[in-house]
Amino acid sequence: THAANYRMGIQTQLRVHQEMAEIEKLAVVCRMNDSDVLRAIEYIFQVRMADGEKKPLKLFWNQKEFLRTGPMYNEQRNRIVIKSRKLGYSMLAAMEALFICEKNERVFVPIIACTSEQAVRILGIAKQLIADANLPFHIEKINTEAILFENGSEIHIFSGISPDSI
């Protein structure tokens, strides 16, 4: 009775505090302009380590340059990357696509990989980034080939091996 009411009051206060913290985080991101994109990316996303631990994202100089020369900075509308493994570009491509779609209405972002397995892997990275993000993404639907946002934006994956899929 009294103890239950007390617990319920504490739980309500915690929920309100958490909701206010989310609103404050959103306000910080909304005040950012395009020159603050890298800071926003580092703030929003976390990186999952091999052991499952989540750590704050810290972009390296080559990753920052990759993002600076892309569509978030209006440098290139399209991007073709021939990359080696373990540089984090698949993760960056997923972050960039998520950020662009969350920030802009009715944007279509195709991600074309050499094989369907690689395309599915990048979509899996995007799903993990959404789950681990410091802020909620406004997702309408996620399926095996796409992420659809509430604002009408979409990320779709395609395999470059199958021209019919493009």
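Attention here is on the structure that accompanies the text. Treat the numbers as computed from the prediction; the structure is a model and nothing was measured.

Regarding the overall build of the protein
Inference 1: Counting its secondary structure elements, the protein contains five helices and six strands.
Inference 2: Helices and strands in the protein line up, N terminus first, as α-α-β-β-α-α-β-α-β-β-β.
Inference 3: Within the protein, buried positions represent 33% of all 166 residues.
Inference 4: When contacts within the protein are restricted to residue pairs at least 6 apart in sequence, those whose partners lie at least 24 apart make up 59%.

A word on the sheet that holds strand β5 (residues 146–149)
Inference 1: One open sheet accounts for four strands, arranged β3-β6-β5-β4; its pairing is mixed. Both outer strands of the open sheet, β3 (108–113) and β4 (139–142), are each paired with one neighbouring strand and no more. Mean inter-strand twist for the sheet, computed between neighbouring axes without regard to direction, equals 20 degrees.
Inference 2: In this structure, β4 lies alongside β5, joined through three bridges in antiparallel fashion.

Rules used throughout
Residues numbered from 1 in each chain as written. Predicted model: local features only at pLDDT ≥ 70, side-chain atom pairs only at ≥ 80, totals over all residues. Heavy atoms only, no water. Helix = DSSP H or I, 4+ residues; strand = E, 2+ residues; numbered from the N terminus. Buried < 20%, exposed > 50% of the residue type's maximum accessible area, 1.4 Å probe, protein only. Contact = heavy atoms within 4.5 Å. Pairing = 2+ DSSP bridges. Axes fitted to C-alpha atoms, helices over the stretch in contact; angles between N-to-C directions.

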